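# Secondary and tertiary structure notes
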Amino acid sequence: MQENENQMKKIYRNKHFKIVLKFGLFIFFLWMFDFSVGLFLSHCYQKQKSGLLYRATYSMDSTNADMLIFGASRANHHYVPSIFKKKLNLTCYNTGRDGETIFYNYAVLKSVLKRYSPKIVILDFSIKDFSNNEESYDRLAALLPYYESHPGIRPIVKLKSPFQKIKLISKIYPYNSLCFTMLIGSTNYNVTRDYINDDNGYIPLTDSFNQALYIDTTNINYQLDMNKINAYISFLKDCATSGVKIYVIVSPVCVKYLYQDKSIILAKRIAKKYNVVFYDYTNDPFYLNSNFLFADRGHLNENGAKIFTNQVINEISKNEYAIEKSTPSLSVK
Amino acid sequence: MEQTQILKELNEIFIEVFEDDTIALTEKATTEDIDAWDSLNHIQMITAVEKKFKIRFKLNELLNFRDVGDLCKSIQEKIQ
Amino acid sequence: MLFTSITYFLFLIPSLVLYYLIPQKIRNYFLILISALFYIYVKVDYIFIILFIIICNYFLGIGIEKAKNETKQLLYFYLSLIINLGILIFFKYWNFLIINIFELAGYVNNAPVKQMPLLDLILPLGLSYYIFQTIGYITDVHRGSIKAERSIFRFALFTLFFPKLLVGPIERANHFLPQLKRMVVFRMENIIEGGKRIAWGLFKKLVVADRIAIYHTAVITSADHQSGATLFFASILYTFQIYADFSGYTDIALGTAKLFGYDLLENFRRPLFSKNISDFWRRWHISLSSWVNDYIFNPITLKHRNWGKWSLFYGLMISFIVIGIWHGAAWNYVLFGIIQALALMYEGLTKKIRKKFSKKINLRIYNPISILITFLFITFSLIIFQSNTLNDAINIITRIFTHHGDFFYDKPSTLLFMLIGCSFMMLYEFQEEWKIFPFSLFSNKSWVVQQLSYSLLLIYILIAGVFDGGQFIYFAF
């Protein structure tokens, strides 16, 4: 009787043991593949020598430029570093990135300020930049590859959802949707693509826009996003604490607005509160009448960018000169 | 009439309506078993059956037939 | 609660563990509870509607069965139809009906449309599915095909069961109720089968459907700037997208049900390999098309059987208009349905001719061409289905044939993601349909090979699935 019982117990444990073993093996396979593929992807990401991903890494980890440009696509296509170098004798890097938000800009700024303090920072601001939408949080994915190595940006990444930490258990997750971009990025084909040859982060647009001016009367009411506003305030504050001179600029678009956008109104007000210079080129008649300077409705082409950059330089020089008269903080030659 | 006789007469109707000489009905046969049994043939077959046996099916009965056997049973009930 | 969200799995896994820890007898009550919580999480108000439906139909079902005479039985039956259809029509079609009635009146009176009593109603998710399921149940009781369910709890679970609550399949009383009567025993096979099914569902939804959706949306919203070739390519991909989306979601539903020990109806049977439209509707959204077949098509055609062929045409037209409008309150859905009906009428009329034709040509040529033609027909039907207005659909279709221009594909990686995901999905289905390869990875005899295959599947989902909205396609105009 006792022997039967022991045998039964053995079989019972054996069956359960098998289930646990198989399950454990499955988890092991998952972990093993995730770890190795994740390692490979991370290596690919860091090995990028040009292109979008490279520029993001360079902005956060390598640049030492005296002057940094922050913003989304308008920043990326409107401010020409070589002209800043020539006229102001300041090295300049353009960290602007298509489709990104103040969250991204702030994350890059934090990573930069950990390493050094640039002399001047330009933050390009656009209409509706404080609007509340899900897409802005989805774009935080651009920061995922830096989550591990840049603890300072983690609170920003986690804004997307409380589950990001769970997803980040996977080593592959930060590189989701990037694998082909990276693999292609390391081929010869990629090197010959023209948008890769950037001038210190700046990408010139070559098209010429010839459609009629669009007059915007819509003025749809939208919700403001407190997180974005806070990120903007932190951006300004961090610059001040690190002794960085910051300019917030709303660059030109080929649209005439018959109303004032509330994001811009708010950004202006906050800038004033923190003594930050704010230039607003919305409805600037020169640009509204020069659609040939634009590549599309929202972006200047390379000719427009050159003119605009020079205009910004003039404004900055005037401002610096005025300040220099009162406080000898920055010398512009 | 006996079930087997009904089945035989049914088979003739099927062969004529479906235009298929190879049909050999069993009580368990369903639409799955006969290639040509589609919606059009179905209603033509039912009309032919009603004409042949001089009966009329109720809608509920028609919708509840599961196989040829059910059809046979219903025919048998109606001709008595 | 999206089936592809972490929230869903945080809900699912503890529920599943608890389910098998508690005594067998109370498992179904537990399921009712978590299904109710699931629906409440989606939106609090919805639970009241479904409870109302459950209670009414439970009592009416028993009433129909117990009714002493036929008039009373019919009365209860019609009452349930009025309640069920009334609620569905009210929530889903009120605004559509009001707009169309008023516009028609305005057109007739030659006066502009004034204030319409439009309501700001939110359609309770899943309503179309469980109302149809309930109507099916009541009709089955009325016909005497099944016995009315006497346990209100079982009936509640039949309606409320969360895996099928939001996107179906539309269950049948004779398929699901008997399962609810059995005691569920823990079986490892169920967990494994369920898990595998969910993995495939996640793959189809995240890697294939959501990926194509990014490209397709970008192309269609800028349709006026796109070339015919691009629009055609996007439309073809859309067919794969909608299939992957719906069948992937259904896979997760069926896989979840399997985890809890239940088998729900299959909804898809490799529809993209259909050789004709009749075949297609036997393979696509099977629970809906068979429901319409049993409760609309058959009754209509049999009732008017003395009309012969015309009974069929009439039945087809009504059936497919119902299928069309079931999807939503808009004319493009109705048009979609009508087109399907016309195609089926054509196939009905030409059946003999086509059969003769097929016998003359080598099947190796005839079959692939049939599949291709059917696929193209579906693709063009879907252009109408997904357009917001008829004008949009006509615009896209004419542009496909007239507009020359550059082919837009965004970047090479976009194409690679879409094509690789799609090919992998179709390769797997190809094998399921025709069993060309003598070996199998996902059903291999060795469980080690199976485990490796499924873990690689999950890894690929991590690499190529669309999380956080994925990569965006940026347009500048």
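Conventions adopted
Residues numbered from 1 in each chain as written. Chains lettered and ligands numbered in written order. Predicted model: local features only at pLDDT ≥ 70, side-chain atom pairs only at ≥ 80, totals over all residues. Helix = DSSP H or I, 4+ residues; strand = E, 2+ residues; numbered from the N terminus. Rg over C-alpha atoms; globule rule 2.2 N^0.38 Å. Buried ≥ 20, exposed ≤ 12 C-beta atoms within 10 Å, placed from the backbone. Contact = placed C-beta atoms within 7 Å. Nonpolar A, V, L, I, M, F, W, Y, C, P; charged D, E, K, R; others polar. Pairing = 2+ DSSP bridges. Domains from an automatic or database assignment. Axes fitted to C-alpha atoms, helices over the stretch in contact; angles between N-to-C directions. Core = buried A, V, L, I, M, F, W, Y, C linked by C-beta atoms within 7 Å. pLDDT = per-residue confidence, 0-100. Parallel < 35°, antiparallel > 145°, perpendicular 65-115°, else oblique. Left-handed = near helix turned anticlockwise from the far one by under 90°.

## Let's talk about the overall build of chain B
When its secondary structure is counted, chain B shows four helices and zero strands. Ordered by position from N to C terminus, the α and β elements of chain B give α-α-α-α. Taken over the C-alpha trace, chain B has a radius of gyration of 11 Å; the compact-globule value for 80 residues is 12 Å, and the two agree within 12%. Overall, the C-alpha framework of chain B stretches about 30 × 25 × 20 Å when taken along its three principal axes. A burial count over chain B gives 19% of its 80 residues as buried. The long-range share in chain B, meaning contacts at least 24 apart out of those at least 6 apart in sequence, stands at 57%.

## Looking at the interface of chain A and chain C
Taken residue by residue, the interface counts 30 residues in chain A and 25 residues in chain C. Secondary structure elements with two or more residues in the side of chain A that touches chain C: α1 (2–47), α6 (134–138) and α9 (179–185) of chain A. The element that contributes the greatest number of residues to the side of chain A that touches chain C is α1 of chain A, accounting for nine residues. Looking at side-chain class alone, the side of chain A that touches chain C contains 15 nonpolar, seven polar and eight charged residues.

## Regarding the pairing of strand β3 (residues 120–124) of chain A
Residues and elements named next belong to chain A. Buried residues dominate β3, accounting for five of its five residues. Pairing of strand β1 (residues 67–70) with β3, which is carried by four bridges, proceeds in the parallel orientation. Looking across to β3, one finds that Phe 70 is bridged to Leu 123. With five bridges connecting them, β3 and strand β5 (residues 245–250) associate as parallel partners. The residue of β5 that forms the bridge with Ile 120 is Lys 245.

## Some details on the domain arrangement of chain C
All names here are of chain C. Segmentation of chain C into domains returns domain 1 (6–185) and domain 2 (190–464). On a C-alpha basis, the centres of domain 1 and domain 2 stand 26 Å from each other. Contacts between the two partners involve 24 residues from domain 1, matched on the other side by 20 residues from domain 2. Among the elements of the structure, α1 (6–21), α4 (70–109), α5 (127–143) and α7 (173–181) are those that each provide at least two residues to the side of domain 1 that touches domain 2.

## Considering the interface of chain C and chain B
In this assembly, 14 residues from chain C lie in contact with 10 residues from chain B. When residues of the side of chain C that touches chain B are traced back to their parent elements, those giving at least two are α11 (286–303) and α12 (309–326) of chain C. Ranked by residues supplied to the side of chain C that touches chain B, first place goes to α11 of chain C with five residues. For the side of chain C that touches chain B, a count of residues per class yields three nonpolar, seven polar and four charged.

## Section: the sheet that holds strand β7 (residues 277–280) of chain A
All names here are of chain A. Ordered by their spatial adjacency, five strands build an open sheet running β2-β1-β3-β5-β7, and the pairing between neighbours is parallel. The open sheet terminates on both sides in strands that have one partner only, identified here as β2 (92–94) and β7. On average, each strand axis in the sheet is inclined to that of its neighbour by 15 degrees, with strand direction left out of account. Sitting on the sheet, helix α4 (residues 81–88) is in contact with β1 and β2, with an inclination near 160 degrees to β2.

## A look at the nonpolar core
Counting 183 residues, the largest nonpolar core has Phe 70, Ile 122, Leu 143, Phe 235 and Val 248 of chain A together with Ile 461 of chain C as the members making the most contacts within it. Broken down by element, the residue count for this core peaks at 16 residues, all from helix α9 (residues 228–259) of chain C. When residues of this core are assigned to domains, at least three fall in each of domain 1 (6–185) and domain 2 (190–464) of chain C. Other than its neighbours up to four places away in sequence, Phe 70 of chain A contacts Ala 75, Thr 95, Gly 96, Asn 105, Val 108, Leu 109, Val 121, Ile 122, Leu 123 and Asp 124 of chain A. Ile 6, Val 17, Ile 23 and Cys 72 of chain B belong to the second largest nonpolar core, which has 13 residues in total.

## Considering the confidence of the model for chain C
Note: predicted coordinates in regions of low pLDDT should not be interpreted at a detailed level. Averaged over every residue, the pLDDT of chain C is 90; the share at 70 or more is 97%. Per the prediction output, this complex has pTM 0.90; the corresponding ipTM is 0.87.

## Some words on unusual backbone geometry
All names here are of chain C. Across the junction of Gly 168 and Pro 169, the peptide omega takes the value 10 degrees, indicating a cis bond. Locating Pro 169 in the fold gives a position in the loop between α6 (152–160) and α7. At Arg 270, a residue that is not glycine, the phi angle is positive and equals roughly 50 degrees. Under the C-beta neighbour-count criterion, Arg 270 is labelled partly exposed, with 17 such atoms within 10 Å. The phi angle at Asp 410 is positive, at roughly 65 degrees, despite the residue not being glycine. Within the secondary structure, Asp 410 sits in the loop between α16 (390–402) and α17 (412–434).

## Structural notes on the arrangement of the chains
Interchain contacts are distributed over two pairs of chains, and the most extensive set of them lies between chains A and C. Across the gap from chain A to chain B, with no contact made, the nearest C-alpha atoms are 40 Å apart.

## Some points on the packing of α6 of chain C against α7 of chain C
Residues and elements named next belong to chain C. Look at α6 against α7: their axes get within 10 Å of each other, and the N-to-C directions meet at 130 degrees. When the interaxial angle is binned, α6 and α7 end up oblique. In this structure, α6 crosses over α7, and the sense of that crossing is right-handed. Together, Arg 154, Leu 157 and Phe 158 of α6 and Phe 176, Leu 177 and Leu 180 of α7 make up the contact between the two elements. Its residues placed into classes, the contact of α6 with α7 shows five nonpolar, no polar and one charged.

## Concerning the environment of Ile 26 of chain C
Relative to the helices and strands, Ile 26 of chain C resides in the loop between α1 and α2 (27–42). Separated by 157 residues in sequence, Ile 26 of chain C and Met 183 of chain C have C-alpha atoms that sit 9.7 Å apart.

## A look at the confidence of the model for chain B
Mean pLDDT for chain B: 86, with 100% of residues reaching 70 or above. Mean pLDDT across the elements of chain B ranges from a minimum in helix α1 (residues 3–18) of chain B, with 87, to a maximum in helix α2 (residues 39–53) of chain B, with 89.

## Details of the environment of Asp 406 of chain C
Residues and elements named next belong to chain C. Relative to the helices and strands, Asp 406 resides in the loop between α16 and α17. Looking at Asp 406, the number of C-beta atoms within 10 Å reads 9, which means it is exposed. In sequence terms Asp 406 and Gly 228 are 178 residues apart; their C-alpha atoms lie 8.9 Å from each other.

## Quick look at the environment of Phe 233 of chain C
Within the element layout of this structure, Phe 233 of chain C appears in helix α9. Owing to 21 C-beta atoms within 10 Å, Phe 233 of chain C belongs among the buried residues under this scheme.

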